[in-house]
Amino acid sequence: QVQLQESGPGLVKPSETLSLTCNISGDSIDSIDNKYWNWIRQPPGKGLEWIGYISYTRSTKFNPSLKSRVTISGDTSKNQFSLKLRSVTAADTAVYYCARGFSKVDKSYFYMDVWGKGTTVTVSS
Amino acid sequence: QSVLTQPPSVSGTPGQRVTISCSGNSANIGSKTVSWYQQLPGAAPKLLIYTDNQRPSGVPDRFSASKSGTSASLAISGLQSEDESDYYCAAWDDSLNGQVFGGGTKLTVL
């Protein structure tokens, strides 16, 4: 059974960097079955926003609205992937989810079948 | 403003059939498959439908979905109180080169 678990600070100061990690169990970040490891966020009372992914080839892709501030990386030895969001503001306050995705290279399909429980990050001084 | 457009809310009584619409354009729904997610209160989203109309193992066949052109819809038949939830559609968008979601639809079971 595949499980994902987010971890990281629940409080980040404005202008600093938000750093989260997603630990993978029951699967491998290196498995090649067209898997994409995603970060998604949900501001309080609002809808879902896709942040980006790291693929099984270690390629990355990001939401254009966040691209200049986001880094996603993978760690084979720890079987986890991480999110860094720089220069945060109160607008980055949200529940952050990691999720396993499947897709073809042409993105004719893209869906996320396993989600972590989410972690709440508040940006405040 | 979400790229995919969903009604903010729908409602129905137990046993009824309800549908939730999702409207996009040629860069997303018109050329890519749609997935649907259910988010129960206080919980993480759960995959409900993938590649337009496929149900993952464990999802009741009361949930079905279809797509036509640049629009998709989710249907829930035999409505139950536990179906009260937020529902999101999603698709890849070639113009934005990223995954996009609908704004979400809150289903209330009266």
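Rules and cut-offs
Residues numbered from 1 in each chain as written. Chains lettered and ligands numbered in written order. Predicted model: local features only at pLDDT ≥ 70, side-chain atom pairs only at ≥ 80, totals over all residues. Heavy atoms only, no water. Helix = DSSP H or I, 4+ residues; strand = E, 2+ residues; numbered from the N terminus. Rg over C-alpha atoms; globule rule 2.2 N^0.38 Å. Buried < 20%, exposed > 50% of the residue type's maximum accessible area, 1.4 Å probe, protein only. Contact = heavy atoms within 4.5 Å. Areas by Shrake-Rupley, 256 points an atom, 1.4 Å probe, with all protein chains shown as cover. Lys, Arg positive; Asp, Glu negative; His and termini not counted. Charge placed at Lys NZ, Arg CZ, Asp CG, Glu CD. Pairing = 2+ DSSP bridges. Axes fitted to C-alpha atoms, helices over the stretch in contact; angles between N-to-C directions. Salt bridge = Lys/Arg side-chain N within 4 Å of Asp/Glu carboxyl O.

*Asks:* Quick question: what am I supposed to make of the overall build of chain A here?
*Replies:* When its secondary structure is counted, chain A shows zero helices and eleven strands. Reading the secondary structure of chain A in the N-to-C direction produces β-β-β-β-β-β-β-β-β-β-β. Taken over C-alpha atoms, the radius of gyration comes to 14 Å for chain A, in line with the 14 Å a tight globule of 125 residues would show. Along the first, second and third principal axes, the C-alpha set of chain A runs to 40 × 30 × 25 Å. Scored against the burial criterion, the 125 residues of chain A give a buried share of 49%. Nonlocal contacts in chain A, meaning residues at least 24 apart in sequence, comprise 56% of its contacts between residues at least 6 apart. For chain A, the computed accessible surface area is about 5,600 Å², with 49% contributed by carbon and sulfur atoms. Where the 15 positive side-chain charges of chain A centre and where its 10 negative ones centre are 5 Å apart.

*Asks:* Hey, could you run me through the sheet that holds strand β1 (residues 3-7) of chain A in this one?
*Replies:* In sheet architecture, strand pairing relies on hydrogen bonds along the backbone and comes in two forms, parallel and antiparallel. All names here are of chain A. Spatial strand order, β1-β3-β8-β7: four strands in an open sheet with antiparallel pairing. On the outer flanks of this sheet lie β1 and β7 (70-75), each paired with one strand and no other. When the angles between neighbouring strand axes are averaged without regard to direction, this sheet yields 20°. Here six bridges tie strand β3 (residues 18-25) to strand β8 (residues 80-85), and the two strands are oriented antiparallel to one another. Pairing of C22 across the sheet is with F81, part of β8.

*Asks:* Looking at this model, I keep getting lost on the environment of A94 of chain A. Mind explaining?
*Replies:* All names here are of chain A. Checked against the element boundaries, A94 lands in strand β9 (residues 94-103). Placed 84 residues apart in sequence, A94 and G10 show a C-alpha to C-alpha distance of 10.0 Å. For A94, the contacting residues outside a window of four places in its chain are R41, Q42, P43, P44, T119, T120 and V121.

*Asks:* How should I be thinking about the pattern of salt bridges in this particular structure?
*Replies:* Side chains that differ in sign of charge can pair as their charged atoms come close. All names here are of chain A. Going through the model one piece at a time under the given rule, you end up with ten salt bridges over all chains. One salt bridge in this structure joins D92 and R41, with 2.8 Å as the shortest N-O distance. Remark: R41 occurs in strand β4 (residues 35-42) and D92 occurs in the loop between β8 and β9; sequence separation between them is 51 residues. Note that R69 and D92 form a salt bridge whose closest N and O atoms lie 2.9 Å from each other. Here R69, found in the loop between β6 (60-62) and β7, pairs with D92, found in the loop between β8 and β9; they are 23 residues apart in sequence, far enough to count as distant.

Function cannot be inferred from these measures alone, as they are strictly geometric.
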